[in-house]
Amino acid sequence: NMQDDKKMLSAALGLIRKGIPVFPIQRKGKKPLTKNGFKDATTDEEVVQAWWKKWPQANIGIPTGEISGFFVFD
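Residues numbered from 1 in each chain as written. Predicted model: local features only at pLDDT ≥ 70, side-chain atom pairs only at ≥ 80, totals over all residues. Heavy atoms only, no water.

Undergrad: Which residues make up the pattern of salt bridges, and what values go with them?
TA: Counted according to the given criterion, the structure contains one salt bridge. A salt bridge links glutamate 45 to arginine 17; the shortest N-O distance between them is 2.9 Å. A residue pair is termed long-range when its members are at least 10 positions apart, and glutamate 45 in helix H2 (residues 45–54) and arginine 17 in helix H1 (residues 2–17) qualify at 28 residues. Judged by relative accessible area, glutamate 45 falls into the partly exposed class, the value being 34%. (Salt bridge = Lys/Arg side-chain N within 4 Å of Asp/Glu carboxyl O. Helix = DSSP H or I, 4+ residues; strand = E, 2+ residues; numbered from the N terminus. Buried < 20%, exposed > 50% of the residue type's maximum accessible area, 1.4 Å probe, protein only.)

Undergrad: How would you summarise H1 if you had to cite specific residues and measurements?
TA: When the terminal C-alpha atoms of H1 are compared, their 23 Å separation across 16 residues agrees well with the 22 Å that a helix rising 1.5 Å per residue should span. For H1, every residue scored as buried is listed here: Asp5, Met8, Leu9, Ala12, Leu13 and Ile16. Looking straight down H1, one finds its buried side chains confined to an arc of 130 degrees; they lie on one side. Facing away from the buried side of H1 by over 90 degrees, the exposed positions are Gln3, Lys6 and Arg17. Packed against the buried residues of H1 are H2 and strand S2 (59–61). Two residues or fewer past H1, glycine 19 is found with a positive phi of approximately 85 degrees. (Expected span 1.5 Å × (residues − 1). Arc of directions from axis to C-beta. Contact = heavy atoms within 4.5 Å.)

Undergrad: Describe the environment of leucine 9, with residues and values.
TA: Locating leucine 9 in the fold gives a position in helix H1. Between the alpha carbons of leucine 9 and tryptophan 51 there is a distance of 9.2 Å; along the sequence they are 42 residues apart. Excluding its chain neighbours within four sequence positions, the residues that come into contact with leucine 9 are Val48, Gln49 and Trp52.

Undergrad: So, H2: which residues are in play, and what are the values?
TA: One turn of the α-helix equals 3.6 residues, which is why residues spaced by three or four share an orientation. Those residues of H2 that fall on the buried side of the exposure criterion are Val48, Trp51 and Trp52. Taken end-on, H2 shows its buried residues confined to a sector of 90 degrees, consistent with a single buried face. Exposed and oriented more than 90 degrees from the buried face of H2 are Glu46, Lys53 and Lys54. In this structure, the buried side of H2 is in contact with H1, strand S1 (23–25) and S2. Between the side-chain oxygen of the N-cap and the backbone nitrogen of glutamate 46 there are 2.9 Å, and the N-cap of H2 in question is aspartate 44. (Polar contact = N/O pair within 3.5 Å; in protein donor to acceptor, adjacent residues only side chain to side chain.)

Undergrad: Describe the nonpolar core, and please don't skip the residues or the numbers.
TA: Within the largest apolar cluster, 13 residues are counted, with the highest numbers of intra-cluster contacts made by Val22, Val48 and Trp52. Within the residue set of this core, elements represented by two or more residues are H1, S1 and H2. Of all the elements, H1 adds the most residues to this core, at five residues. Those residues within four positions of valine 48 in sequence are excluded, and the remaining contacts are Leu9, Ala12, Leu13, Ile16, Val22 and Thr42. (Core = buried A, V, L, I, M, F, W, Y, C linked by side-chain atoms within 4.5 Å.)

The structure is reproduced here in structure tokens:
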């Protein structure tokens, strides 16, 4: 749905504007859509816009660790 796609882009832009790097992942699952996965995460708005133009249904990935300040315990 196009409205949901715009919400994902809007959410991604909101995160990067707060300094949180993002990267696109598959809609269902956690597989990165970029070649280098979480290593491609960025706060560059032009890059994020281009990714969601290419993959409008992508979910948002956030790398964990020092780069984002998010830590995960599994």
